[in-house]
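# Working through the structure, step by step
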Amino acid sequence: MTIQQCRYVLEIAKTGSFSEAAKQLFVAQSSLSVSIKSLESELDIKIFERSGNGVYLTEEGSEFVRYAAKIVDGEDFISTRYKGKKDIEKLHIATQHYDFMADIFGNFLKSTVSLRYKFSIKEIETYSVIQEVITGKSDIGIIALKRTEADIMKRYLNKKALSFTTLIEVPPHVFVRRTHPLASSKLVSVRELQTYPCVSYEQGEHNSSYFAEEMLDLFDAEKHIEISDRATLMNILLMTDAYTVGTGIMPSALNRGDIVSIPFDSSDVYIIGYILNDNRKISEMTEKFIALLKKSTENFCVVKENNQ
């Protein structure tokens, strides 16, 4: 049995005539009749009965039509779903919670000239970023490694058939509101932060220091708040004397200068980069995004050097 034979049966049932069905299907009536007889013989059923007014479905034929309709609908759905698939540009990004990624993604959208595309960007916990790239749900993952743990993390990624490419290295910074007591400091130490609430992104069950986005292993905060999204983080920082530790890069216009970054007194460094699945071919759209990612992060690096 073929899908084409199912289409033949449905058209005959619809028109009530072999001759009219043959016209609609653009096939010879003799070929249509042979195909239906072959189908009836294969299934050992009688689908149509002829009469002076045309043809009608038998009881078995009526049952077959219901199944045939589902088969044809399924085939039509799949054909529509994947026909012209190559014309749709696709890019799926998974990233840790970085303000600068929103800006880069926005610039990527502005530079895209494709008429049809399907893009997505997810800000999720570190382990989930890695899993997204492993499973192929995301084409690229953006993460930061702490230099003191970079070798361990790179070995972990290598075992997962993931490659890590460094974009830039930046020293850690403390983020606080512009009117925070420490906002005017040139450098902030662990001791100075101990009395203030520390905010960090939750990592779920994968909460080892290797997956943490902040350098919390440097000290044990007496007041600790875990959050899961950047909007909540921003609100807490703006409304309280809480702080978080990050890359120091916050270019988004959404900030409006209400949050400032202060160099953190630490010898450690954030190594910001992207991960790719070694077992997957890099798409043209992913390559375009990587090119913009490299250009954008180079600009961040230049700004930091000028500020220093």
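Calculation rules
Residues numbered from 1 in each chain as written. Predicted model: local features only at pLDDT ≥ 70, side-chain atom pairs only at ≥ 80, totals over all residues. Heavy atoms only, no water. Pairing = 2+ DSSP bridges. Helix = DSSP H or I, 4+ residues; strand = E, 2+ residues; numbered from the N terminus. Axes fitted to C-alpha atoms, helices over the stretch in contact; angles between N-to-C directions. Buried < 20%, exposed > 50% of the residue type's maximum accessible area, 1.4 Å probe, protein only. Polar contact = N/O pair within 3.5 Å; in protein donor to acceptor, adjacent residues only side chain to side chain. Salt bridge = Lys/Arg side-chain N within 4 Å of Asp/Glu carboxyl O.

### Concerning the sheet that holds strand E10 (residues 244–246)
The strands making up a sheet associate through hydrogen bonds between their backbones, and the pairing can be parallel or antiparallel. Read from one edge to the other, the open sheet built from three strands follows the order E10-E7-E11, with strand pairing classed as antiparallel. The open sheet has two edge strands, E10 and strand E11 (259–263), and neither has a second partner. In this sheet, neighbouring strand axes are inclined to one another by 35 degrees on average, regardless of whether the strands run parallel or antiparallel. Relative to E11, strand E7 (residues 173–177) is paired through five bridges, and the arrangement is antiparallel. Within the sheet, the bridge partner assigned to His 173 lies in E11 and is Pro 263.

### Describing the side chain of Arg 177
Take Arg 177: it is sitting in strand E7. Given the relative accessible area of 17%, Arg 177 is considered buried. Polar contacts involving the side chain of Arg 177 include one to the side chain of Asp 241, which spans 2.3 Å.

### Some words on the pattern of salt bridges
Counted according to the given criterion, the structure contains nine salt bridges. We note a salt bridge from Arg 230 to Glu 123, for which the minimum N-O separation is 2.7 Å. Of the two residues, Arg 230 is situated in helix H9 (residues 230–239) and Glu 123 in strand E4 (residues 117–123); the sequence distance between them amounts to 107 residues. Put simply, Asp 241 and Arg 177 hold a salt bridge, and the shortest N to O gap is 2.3 Å. One end of the pair, Asp 241, is in the loop between H9 and E10; the other, Arg 177, is in strand E7, with 64 residues separating them in the sequence. Here Asp 241 falls in the partly exposed class, since its relative accessible area comes to 27%.

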